Amino acid sequence: MIEIQGLSFGYRRTTLYQAFDLDVTRPGVYGLFGRNGSGKSTLLKLLSGLLFPDGGRITLGGREPRRRQAEFLAQVYLVPEEFHLPDLSPDDLLRTHAGFYPRFSAAAFRDYLAEFELPHDRRFGEMSLGQKKKAVMAFALATFTPVLLLDEPTNGMDIVGRDQFKAIVARPEQRERIIVISTHQAHDLERIMDHMLFIDAATLALSATREELARALVMGVAADDAALAAIPGLIHHEALGAQHAYVARNTGDAAGAVHLELLYKALSLKKDGVLAALSASKQEASHV
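Below is a summary of the structure that appears in this document. Throughout, a residue's number is its position along its own chain's written sequence, starting from 1. Note on the predicted model: pLDDT of at least 70 is required for a residue's local features to be given, and 80 or more for side-chain atom pairs to be given and counted; whole-chain, interface and lining totals, by contrast, use all residues. Each side-chain value is derived from all of the structure's non-hydrogen atoms; neither hydrogens nor water enter the calculation.

Quick look at the sheet that holds strand 1 (residues 2-11) now. In this analysis, strands are considered paired if DSSP registers two or more bridges between them. Under the scheme used here, helices are H or I runs from DSSP no shorter than 4 residues and strands are E runs no shorter than 2 residues, and both carry numbers assigned from the N terminus. A sheet is described by the order of its strands in space; here three strands give the open sequence 2-1-4, paired in antiparallel fashion. The open sheet has two free edges, formed respectively by strand 2 (14-24) and strand 4 (55-60), since each of these has just one partner strand. The average angle at which neighbouring strand axes cross in this sheet is 25 degrees, direction not considered. The pairing of strand 1 with strand 2 spans seven bridges and is antiparallel. Within strand 2, the position partnered with Tyr-11 by the bridge is Thr-14. Axis geometry follows a simple rule: fit a line to the C-alpha atoms, using only the stretch in contact for helices, then measure angles between N-to-C directions, giving values from 0 to 180 degrees.

With that out of the way, let us pick up helix 5 (residues 129-143). Helix span, as expected, comes to 1.5 Å for every residue beyond the first. In this model helix 5 runs 22 Å from its N-terminal to its C-terminal C-alpha over 15 residues, within 8% of the 21 Å that 1.5 Å per residue would give. Of all the 15 residues making up helix 5, twelve are buried; the element is thus mostly covered by neighbouring parts of the structure. Three or more residues of helix 5 are buried, namely Gly-130, Lys-133, Lys-134, Ala-135, Val-136, Met-137, Ala-138, Phe-139, Ala-140, Leu-141, Ala-142 and Thr-143. Looking one or two residues past helix 5, Phe-144 carries a phi angle of roughly 55 degrees, positive in sign. Categorising residues by exposure relies on relative accessible area from a 1.4 Å probe, with only protein chains included: less than 20% of the type maximum marks a residue as buried, more than 50% marks it as exposed, and the intermediate range marks it as partly exposed.

For the rest of this paragraph, the subject is the layout of surface pockets. The probe, sized like a water molecule, is rolled over the atoms to show the empty space still left. Grid points spaced at 1 Å over the protein atoms alone were grouped into cavities, where a 1.4 Å probe fits but cannot get out, and pockets, open sets with protein on both sides within 12 Å along at least five of seven lines, with lining residues defined by an atom within 4 Å of a point. Grid points are joined across faces, edges and corners, and a volume is the space filled by probe spheres set on the points. Approximately 470 Å³ is the volume found for the largest pocket. For the lining of the largest pocket, the secondary structure elements donating two or more residues are helix 1 (40-48), strand 5 (76-79), helix 3 (90-97) and helix 5. The greatest single-element share of the lining of the largest pocket, amounting to four residues, is contributed by strand 5. Class assignment of the residues belonging to the lining of the largest pocket gives a composition of 14 nonpolar, three polar and two charged. Residues are sorted three ways: Asp, Glu, Lys and Arg are charged, Ala, Val, Leu, Ile, Met, Phe, Trp, Tyr, Cys and Pro are nonpolar, and all the rest, Gly among them, are polar.

Burial along strand 5 is two-sided: Val-76 and Leu-78 facing one way and Tyr-77 and Val-79 facing the other are all buried. Bridging between strand 5 and strand 6 (residues 147-151) involves four bridges; their strand directions are parallel. For Val-76, the partnering residue across the bridge sits in strand 6 and is Val-147.

Attention now goes to the packing of helix 4 (residues 106-115) against helix 5. For any two helices packed against each other, one specifies the crossing angle of their axes together with the interaxial distance. Close contact between helix 4 and helix 5 brings their axes to 9 Å; oriented N to C, the two are set at 150 degrees. The two elements helix 4 and helix 5 meet at a crossing, and its hand is right-handed. When helix 4 is examined against helix 5, the residues Ala-108, Phe-109, Tyr-112 and Leu-113 are found in contact with a partner set consisting of Ala-135, Ala-138, Phe-139, Leu-141 and Ala-142. Each residue belonging to the contact of helix 4 with helix 5 can be placed in one class, and the counts come to nine nonpolar, no polar and no charged. The handedness criterion is simple: a crossing whose near helix is rotated anticlockwise from the far helix by less than a right angle is left-handed, and one whose near helix is rotated clockwise is right-handed. Working rule for contacts: check all heavy atoms of both residues, and any pair within 4.5 Å makes them a contact.

With that out of the way, let us pick up the environment of Ala-167. When you line up the elements, Ala-167 lands in helix 6 (residues 159-169). You can call Ala-167 partly exposed: its relative accessible area is 37%. Taking the C-alpha atoms as reference points, Ala-167 and Glu-115, separated by 52 residues in sequence, lie 8.9 Å from one another.

Attention now goes to the pattern of salt bridges. Whenever a carboxyl oxygen of Asp or Glu lies within 4 Å of a side-chain nitrogen of Lys or Arg, that contact is scored as a salt bridge. Under the definition given, this model contains 14 salt bridges. Linking Arg-171 and Glu-115 is a salt bridge whose minimum nitrogen-to-oxygen distance equals 3.3 Å. Separated by 56 residues along the polypeptide, Arg-171 in the loop between helix 6 and strand 7 (178-182) and Glu-115 in helix 4 bring together distant segments of the chain. When salt bridges that share partners are traced, they join Asp-111, Glu-115, Arg-171 and Glu-173 into one network.

On to empty space enclosed by the protein, then. Scanning the model with the defined rule gives one cavity of 30 Å³ or more in all. Counted as a void, the largest cavity has a volume near 40 Å³. Phe-33, Met-196, Phe-198, Leu-260, Leu-263, Tyr-264 and Leu-267 are the residues that line the largest cavity. Secondary-structure elements contributing two or more residues to the lining of the largest cavity are strand 8 (195-200) and helix 10 (260-269). It is helix 10 that provides the largest number of residues to the lining of the largest cavity, a total of four residues. Looking at side-chain class alone, the lining of the largest cavity contains seven nonpolar, no polar and no charged residues.

In short, the description is geometric, and any link to function would need to be established separately.
Next up, the structure:
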């Protein structure tokens, strides 16, 4: 559904992407990670046709976003981190915007609004920032576009709202689409993510499923310095008082636990070690 070949893009003297490749063919929830300034939000805009690549090729469902054909625009929906809404109500949004999306479900929209505890007839000018975010997310999730792009979707939501969002994304009706979530809230959203993408140094440094990461890595907490020193294949660690959180190569047969916040730090600081462990695990799996 999403194919990127040799993408290059930058702003003036800043190169964000160079020879960037990505191939997404299966439905699922894809976590898009990277350090500040790595181009996560830019990638979502390139995928939705709001920005045009300097070089290379992007296709979604066989169509180029830069052409902004009506058939393409009906197949993808982007919710940016920051947005401005006219002073409408969710009912007005349904009446004026739903017709652009052939798979839109008014019943699902009302259901999601109820899950978010939002009235369908209250105007956006009367809502808080978090309530507006919930209303936009309810509409986006109800479009049922094959591709849904979300930039920091839980920013502005309270703890209950974040749980409500995760519950909706995890519903069976959402499983047949590709949902790409760019976020720094790795720990908050890790339960709903199937596949991890990590951008670093203008390229895609990591593309792996949760299962692949669990086979390649083990993450946990060592009680003290001695316990940490006894861990084989140690890649990254950080102090937690007298204890240490760590990421190490999985040298056993059982799948390890995946903690995205810890993985994010390991990829940011010890990327080569993480990638080497993942590569070795894939080679071992291919020989089984």
